[in-house]
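# Summary of the model geometry
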Amino acid sequence: LQFNEAFFQWFDFRRWEKVKAIFKEMKRRRGSGNAIKIKVSFSGNPRIVFSVDSADRHWFNNAVEKIDFVLELLPYHLDPKKIPSELSEIIYKFDSKSGRWRLNTASSEKKKYTFSEDSWKEIT
């Protein structure tokens, strides 16, 4: 499914909370200091992927809780004037220093980009 407002209306907020609880329980069962990597991928154009791999349980839980906050930022992040053309995938990573999801990388059929200093830069 696509990551947008319609997804949350269709999937229902309570069910989304249950999915987040499952992720947090998986981390809890791994124990402290044992990293677990979760990638949540949504279809669409471009495909939106959330990748979290914090060893710290607090930051892991914080990242999981804030996935749905990115929904409000998508129109700004996906503004055609601000992103490279023909992107097929955008990957968000959780930044524990700021406590927020950040744009990390993006790719098109032939190119790969990284996001730093408020702009996309092609990876060679």
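Structural notes, computed from the coordinates. (Residues numbered from 1 in each chain as written. Predicted model: local features only at pLDDT ≥ 70, side-chain atom pairs only at ≥ 80, totals over all residues. Heavy atoms only, no water.)

Let us now look at the pattern of salt bridges. All told, the structure shown has 9 salt bridges when counted by the stated rule. In this structure, Lys-20 and Glu-65 form a salt bridge, with 3.3 Å as the shortest nitrogen-oxygen distance. Taken together, the residues span a long stretch of sequence, with Lys-20 in helix α2 (residues 13-30) and Glu-65 in helix α3 (residues 57-65) at a distance of 45 residues. We classify Lys-20 as buried; its relative accessible area is 1%. A salt bridge links Asp-53 to Lys-93, with the shortest nitrogen-to-oxygen separation between them at 3.8 Å. (Salt bridge = Lys/Arg side-chain N within 4 Å of Asp/Glu carboxyl O. Helix = DSSP H or I, 4+ residues; strand = E, 2+ residues; numbered from the N terminus. Buried < 20%, exposed > 50% of the residue type's maximum accessible area, 1.4 Å probe, protein only.)

It is worth spelling out the sheet that holds strand β4 (residues 100-108) at this point. The strand order across the open sheet built from 6 strands is β1-β2-β3-β4-β5-β6, with neighbouring strands paired in mixed fashion. The sheet terminates laterally at β1 (38-42) and β6 (119-123), the two strands that pair on one side only. If you compare each strand with its neighbour and ignore which way they point, the axes differ by 25° on average. Pairing geometry for strand β2 (residues 47-52) and strand β3 (residues 87-95), over 5 bridges, is parallel. In the strand pairing of β3, Arg-47 is matched with Glu-89. Of the strands in this sheet, β1, β2, β3 and β4 touch α3, which is tilted by about 140° from β3. (Pairing = 2+ DSSP bridges. Axes fitted to C-alpha atoms, helices over the stretch in contact; angles between N-to-C directions. Contact = heavy atoms within 4.5 Å.)

On to the layout of surface pockets. The calculated volume of the largest pocket comes to roughly 480 Å³. Along the wall of the largest pocket there are 18 residues; nearest its centre are Tyr-76, His-77, Arg-102, Leu-103 and Phe-115. Every element with two or more residues in the lining of the largest pocket is listed here: α4 (74-77), β4, β5 (112-116) and β6. Take the lining of the largest pocket: its biggest share by element is 4 residues, from β4. Tallied by class, the residues present in the lining of the largest pocket amount to 8 nonpolar, 4 polar and 6 charged. (1 Å grid on protein atoms, 1.4 Å probe; cavity = no way out; pocket = protein on both sides within 12 Å on 5 of 7 lines; lining within 4 Å. Points joined across faces, edges and corners; volume = space filled by probe spheres on them. Nonpolar A, V, L, I, M, F, W, Y, C, P; charged D, E, K, R; others polar.)

Before going further, it helps to spend a moment on the side chain of Lys-27. Within the secondary structure layout, Lys-27 lies in helix α2. For the buried residue Lys-27, which engages in no salt bridge, the nearest side chain bearing the opposite charge is Asp-56, 7.8 Å off. (Lys, Arg positive; Asp, Glu negative; His and termini not counted.)

Taken as a whole and assessed by the stated rule, the structure comprises 16 aromatic pairs. Each ring, one from Phe-3 and one from Phe-42, has its centre 4.8 Å from the other, and the planes form 55°; the classification is tilted. Residue Phe-3 is located in the segment before α1 (5-11), and its partner Phe-42 is located in strand β1; the two are separated by 39 residues in the primary sequence. Phe-3 gets classed as buried once you look at its relative accessible area, which sits at 3%. A centroid spacing of 6.4 Å and a plane angle of 50° characterise the contact between Trp-16 and Phe-42, whose relative ring orientation is tilted. On the criterion of sequence distance, the pair formed by Trp-16 in helix α2 and Phe-42 in strand β1 is long-range, its members being 26 residues apart. Accessibility assignment for this pair places Trp-16 and Phe-42 in one class, buried. (Phe/Tyr/Trp six-rings, centres within 6.5 Å; stacked < 30°, edge-to-face > 60°.)

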